[in-house]
Structures are given as C-alpha cells and as structure tokens.
Amino acid sequence: MSVIETRRQQMFPTLAPAQMAVARRFASAEPRRFAPGEAVYQVGDRNPPAWFVQDGSIETVRRNGLGREGTIAAVGPGQFTGELNQIGGRASLAAATAGPDGCVAFPCDAAHLRALLIGSADIGETVMRALILRRVSLLEEAESGSVLVGRSSAPDLVRLQGFLARNGYPCFVLDPERDAEARDLVERSAVAEGDLPLLICPDGTTLRCPSNAEAGIALGMTPVLSPDTLYDVAVVGAGPAGLATAVYAASEGLSVLVLDSRAIGGQAGASARIENYLGFPTGISGQALAGRAFNQAQKFGAELAIPVEVADIGCDDGPPFLLHHGDGGVLRARTVVIASGALYRRPDIPALAAFEGAGVSYWASPIEAKLCAGQEVVLVGGGNSAGQAVVFLAPYVKRLHLVVRGAGLEASMSRYLIDRIAALPNVEMHTHTEIADLDGDREGLSGVTLRQRQTGATGRLAVGHLFLFIGAQPNTRWLRDCVALDGKGFVLTGAAAAGPTDGAATRHPLETSRAGVFAVGDVRAGSTKRVAAAVGEGAAVVAQIHDALSRAP
C-alpha cells in the first residue's frame, strides 16, 4: 500500500484553531482570497509558498513531463499545501487551484516556513512530517516529476536516473525497446540515438542527453547563487561530515552554503544498508540517512547547491575566501570546510574506463539491482562497503562471485557482515584473486577474466555486471595547493598542518595549514573512515568555526 493510503492523516493534518493562530504569526503576507478554480501555483513555479487555508479549499495535483496528472488531495480549513521543496525554495512539483467555493489562505514562503518549523515545536513537528511524507508519496507515483526516455541500461540513462534518485527527485523511465509510447515519442521528435536519453521536465521542457548539472538547473533543483552574498561558512561536500557541519552551523545561526558536484550523502549515500550506526538497530540505507540530514539542514536555513562543482578556492584572497565553481561563477565565504570525501579507487584493469556505466559500477543501488536481476555478477572488495553491497545484491541475482585479493574477509570486514554473507547460498567467494581483464562490445560488459594471484591461473566468467568496492582515494585535486596534504593526498589539520612560523598552538584541531579553512571526514588525514566519525567531526568543527569568526577582523 502507498504512503497516501496508510498515512493520510499525517500527510494532511488539520491544525487546531489555536495552532492556526500561531502559524498566522509566521505568514509572509496577508491572507488572500482566491476565486473558484483560480491558480494558486503551477508545476515548475520557483519559490512557491506553502498556503495555510482559513476558509474554502485548495485542490492539489501532480503532473509529470508527459502531462499526465494525478490528484493529490484537497486541503481545507486548518490544512496547508506544499512538500519539501517549499522549505528549500525550489521549483514546485505540484500544482494547486482554489476549490469550487474558492478559498482564503495565507502564505508562508521558504524563510517564514522554516521560522515556523523552528519557532513552534509542536506545529513544526506536524508540518515537517507532512512535508516529508508528501515527498515520499511523489517518489512513489509515476504522475510526478521528470520522465527519462531511453534504453534502460544505457550508461547516460543510468547516470541520470541515479542522480535524480540519490537527490530524492521523482522520475520514471520509458524504454523505446519495450514501450510503444516511448517509441512514438522518439520517432515524433526525430531524435538520433546519440541524443538519448531525453529528459522531459514537469513543465514540458525537453533536454537531450543532459549533464547532471544541466538537469539540475532545468528541474529547478539547483538554486541561483549570488556572488554578492557573503556566507559565514561554505561547506564543500554533502556527505555525512558536510551535512553534519551544515545542520549544526545553521542551527547555531551561521549562514551556511553547502556545495556538492554529485549528490547528497557522498559514498555513504550509496550504501544499501548501514547497520552499525548508533541509534538505528534495524539499520538504515545511506540514502535515507543522507535525506534526513539534508532535510534537517534545510529546516535550519542552510542553502544547499547540488550539483555545483567547486573548481578551486582562492586561498590567497581570503578571508573572505573566493570559491570558483564549474560555470565560471564565484562565491564568497568567511570560512571554508573541506568535506569533499573520497573518490572511488579505480584498479589498473585494461578497458575499465570503456565499461564504466556500461556494466561496471562503484555502488549498488536499487537501479543497479534491477538491471542485473536474475543474472550472475562479480563483486570485488573485502571491506564493509563491499559486504553491505553483497548482502543487498544477493537476493536479486542468480549468483554473486565475491573476489578478494587476500585469504578472506576477517581482516577488513565486520563480523556481522561476514556471518551474513556465509549464510547466503548464491555467493561464491574467490580468494587470492584479482581482475585480469574485461571484455564486451558497444552494448556493454560481457565477460570478466579472473587471475589467481598465487598460481597465475586465469578463468573467464560470462557476466554483464562488475561491482568494484576496493576503497577510495582523497578527493583533493581541486584544492590546487591551497592547503598542506600528506603523502597520500589527505588534508593535514591541527598540529600536523602547522608551519614552522605559526606553531601548533595557533591551529584548531580541524583547521588546515590555511587559517579559516577546515577539513572534516574522510578527506582529512588521520580520520576514522566511518559515518559516525564523519558526523562527529562535522559537529565538532562548528565550535572551531565560531572561534575563527570571532577572531577575524
């Protein structure tokens, strides 16, 4: 059953008159009367407020890129419109019109809505839960968000689908090889194979094989950033460490900007299930954890710009520091937190690059699980991330070949994962083994050659999917000598970052060799590579930022 069927009362709560009176104090404008059938806001409108109904009703509908509509609900007196995009001031995923008798309602724009969520604990909890559940409902339905048209296994379609899913944006896929409507659409549009996939936005705008950045702008996911705004802190990276910094800094009144070139959650966001994170005894997916943190950060007023790639920090100019991002723009911040995490390590395998996205993956999400359902797959890695991926993928596939370079998993994987893998009947382990070669064609990967490291013997497995979980390397190339790094490329902080003239005592524990620039999480030298440790560093750095800001001229 869908969320709207099982949790309707929480999705569309009715505030008591006293609660409406409190909410009214947070309105961004005076109440407005809408005539019967009058548009309140449209799909794709930027920064639409949430409307609190005093009299009459407002009818809301969802609409996808093909113009298909589905009724969401009619909200009456004491109820309100909106979902999570209303907090972040992003483009609306739904449309709203006044009911048959018209309505009287007052608006709360993004800033005033956030003030209500924070200023009234009981109303804030009710409203926040409703907004989250409404987004979940939109993700469940096909009649909302964008439409992707293309071959479901095509690398660019998988890329876009993963990008939208990781950022909690609804979409669905139409495959011309399987769907007549998709074939007709491609033929009518005279689209060449190289132009696929198509991204059809909810407002009807169509993009041909867009980049993630182009998709984010067209869908209204990426905010408009002003070079005139001076932020207290800019966080580069939206993984657990960066999101924790955003939540704690914004909740303490600092103006915060978070930038990430891909998606919320970082590498942790791609984890199928995290079971050793404090407070979640039944486990939680990395995407769900990241989504909750993202919503918290927005609630406290942090501005999140995704996907926006930071090209470099103008360290010689700071403070304030100038952050140059991918489209040539410049952003300003009094302090900077480097939380860019790590990049997936790519082994030295011939033709690896040719099959990335076409059979080779560095994460295992429901998208990849669906693509390889019922097939044999190979997964390489012996750490916890690999173990989580094995446990997630095994129920979907016919057989999973687990390849490890060492004698087993005991040296690098948590015991609970080792025991769980041992109980899976369709997992075959290949120890002292590595990938020697890959083969395939323009359609993608078709075979993997394994090499036994002790004997040199090789053997081929006819598989179309290879998952690589062999660790990561620091994502610091973009720093361009701005701060000191260790021999492996991780950012030095604290005493290790102190120069000969400034002494260890002048450096905060999480401060880099550049005053006012901090580093947290996996990118930092000496950090513990665990989600809990990253969150702890993200929280701890805020006190050090406050101190740095207090000393700034």
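Whatever comes next refers back to the structure up there.
Just so it is clear, the model here is predicted, and its values are computed rather than measured.

Caption draft 1: Expanded view of the pairing of strand 18 (residues 376-380). Where burial is concerned, most of strand 18 is hidden: four out of the five residues are buried. Two strands pair when backbone bridges link them, and strand 18 and strand 19 (residues 399-403) are joined in this way by five bridges, in the parallel orientation. Pairing of Glu376 across the sheet is with Arg399, part of strand 19. What joins strand 18 to strand 19 is helix 14 (residues 384-393), and the crossover it makes is right-handed. The pairing of strand 18 with strand 24 (residues 466-468) spans three bridges and is parallel. Within strand 24, the position partnered with Leu379 by the bridge is Phe467.

Caption draft 2: Focus on the sheet that holds strand 20 (residues 427-430). Pairing is parallel in the open sheet, where five strands are placed in the order 17-24-18-19-20. Only two strands of the sheet have a single partner each, and these edge strands are strand 17 (360-361) and strand 20. Relative to the sheet, helix 14 contacts strand 18, strand 19, strand 20 and strand 24, its axis offset from that of strand 18 by approximately 165°.

Caption draft 3: Molecular detail of the nonpolar core. In terms of nonpolar packing, the biggest core is built from 34 residues, with Phe12, Val40, Trp51, Ile58, Leu164 and Leu219 touching the most fellow members. Looking at this core, the element that brings in the most residues is strand 5 (residues 94-108), giving five residues. Apart from residues lying up to four places away in sequence, Trp51 is in contact with Arg32, Phe34, Val40, Tyr41, Ile58, Gln79, Phe80, Thr81, Ala105, Phe106 and Pro107. Judged by nonpolar contacts, the second largest core, of 31 residues, contains Ala238, Ala293, Ala302 and Ala548.

Caption draft 4: Looking closely at helix 5 (residues 110-119). Ala110, Leu113, Arg114, Leu116 and Leu117 are the residues of helix 5 that are buried. Mapping the buried residues of helix 5 onto a view down its axis gives an arc of 155°, with all of them on the same face. Looking at the buried side of helix 5, the elements it contacts are helix 3 (17-24), strand 3 (50-63), helix 4 (85-88), strand 5, helix 6 (121-140) and helix 11 (286-299).

Caption draft 5: Summary view of unusual backbone geometry. A cis amide bond links Leu196 with the next residue in sequence, Pro197, at an omega value of 5°. Phi is positive for Ala351, which is not a glycine, with a value near 65°. Relative to the elements of secondary structure, Ala351 occurs in the loop between strand 16 (342-344) and helix 12 (352-355). On the accessibility criterion, Ala351 (40% relative accessible area) is partly exposed. Despite not being glycine, Asp481 shows a phi value in the positive range, around 65°. Following the sequence through the fold, Asp481 ends up in the loop between strand 25 (472-474) and strand 26 (517-519).

Caption draft 6: The packing of aromatic side chains, seen in detail. As enumerated under the stated definition, the model contains seven aromatic pairs in all. Among the aromatic side chains, those forming a connected cluster through ring pairs are Phe52, Phe80 and Phe106. A cation sits over an aromatic face here: Arg24 above Phe106, 5.7 Å from the ring centre. For Arg346, the ring lying beneath its charged end belongs to Tyr362, and the centroid distance is 4.7 Å.

Caption draft 7: View of the packing of helix 14 against helix 15 (residues 415-422). The contact between helix 14 and helix 15 brings their axes to 10 Å, and the two run at 35°. Where helix 14 crosses over helix 15, the two elements pack in a sense that is left-handed. For the pair helix 14 and helix 15, contact is made by Asn384, Gly387, Gln388, Val390 and Val391 and by Tyr416, Leu417, Arg420 and Ile421, respectively.

Caption draft 8: Representation of the side chain of Asn295 in the model. Of note, Asn295 is situated in helix 11. Residue Asn295 is classed as buried on the basis of its relative accessible area of 10%.

Caption draft 9: Quick look at the pattern of salt bridges. Tallied over the full model, the rule gives 23 salt bridges. In this structure, Asp195 engages Arg208 in a salt bridge whose closest nitrogen and oxygen atoms are separated by 3.1 Å. Of this pair, Asp195 sits in the loop between helix 8 (180-189) and strand 8 (198-200) while Arg208 is found in strand 9 (residues 206-208), placing the two residues 13 residues apart along the sequence. A salt bridge links Arg453 to Glu434; the shortest N-O distance between them is 3.6 Å. Of this pair, Arg453 sits in the loop between strand 22 (444-452) and strand 23 (458-461) while Glu434 sits in strand 21 (residues 433-441), and the two are 19 residues apart along the sequence. Among the residues examined, Arg453 registers a relative accessible area of 42% and is labelled partly exposed. You can call Glu434 buried: its relative accessible area is 18%. Each of the salt bridges in this network shares a partner with another, and the network as a whole consists of Arg405, Glu434, Arg451 and Arg453.

Caption draft 10: The arrangement of helix 8 in detail. Here helix 8 has its buried residues at Ala182, Leu185 and Val186. Seen from one end, helix 8 has its buried residues packed into an arc of 95°, which puts them on one side. With respect to the buried face of helix 8, the exposed residues turned more than 90 degrees away are Glu187 and Arg188. The secondary structure elements touched by the buried residues of helix 8 are strand 6 (146-149), strand 7 (171-174) and strand 8. With a side-chain oxygen lying 2.9 Å from the backbone nitrogen of Glu181, the N-terminal cap of helix 8 falls on Asp179. Positive phi shows up at Ala190, right after helix 8, with a value of about 50°.

Conventions adopted
Residues numbered from 1 in each chain as written. Predicted model: local features only at pLDDT ≥ 70, side-chain atom pairs only at ≥ 80, totals over all residues. Heavy atoms only, no water. Buried < 20%, exposed > 50% of the residue type's maximum accessible area, 1.4 Å probe, protein only. Helix = DSSP H or I, 4+ residues; strand = E, 2+ residues; numbered from the N terminus. Pairing = 2+ DSSP bridges. Right-handed = clockwise from strand over helix to strand, strands pointing away. Contact = heavy atoms within 4.5 Å. Axes fitted to C-alpha atoms, helices over the stretch in contact; angles between N-to-C directions. Core = buried A, V, L, I, M, F, W, Y, C linked by side-chain atoms within 4.5 Å. Arc of directions from axis to C-beta. Phe/Tyr/Trp six-rings, centres within 6.5 Å; stacked < 30°, edge-to-face > 60°. Lys NZ or Arg CZ within 6 Å of the ring centre and 35° of its normal. Left-handed = near helix turned anticlockwise from the far one by under 90°. Salt bridge = Lys/Arg side-chain N within 4 Å of Asp/Glu carboxyl O. Polar contact = N/O pair within 3.5 Å; in protein donor to acceptor, adjacent residues only side chain to side chain.

No statement about biological role is implied by the geometric values presented.
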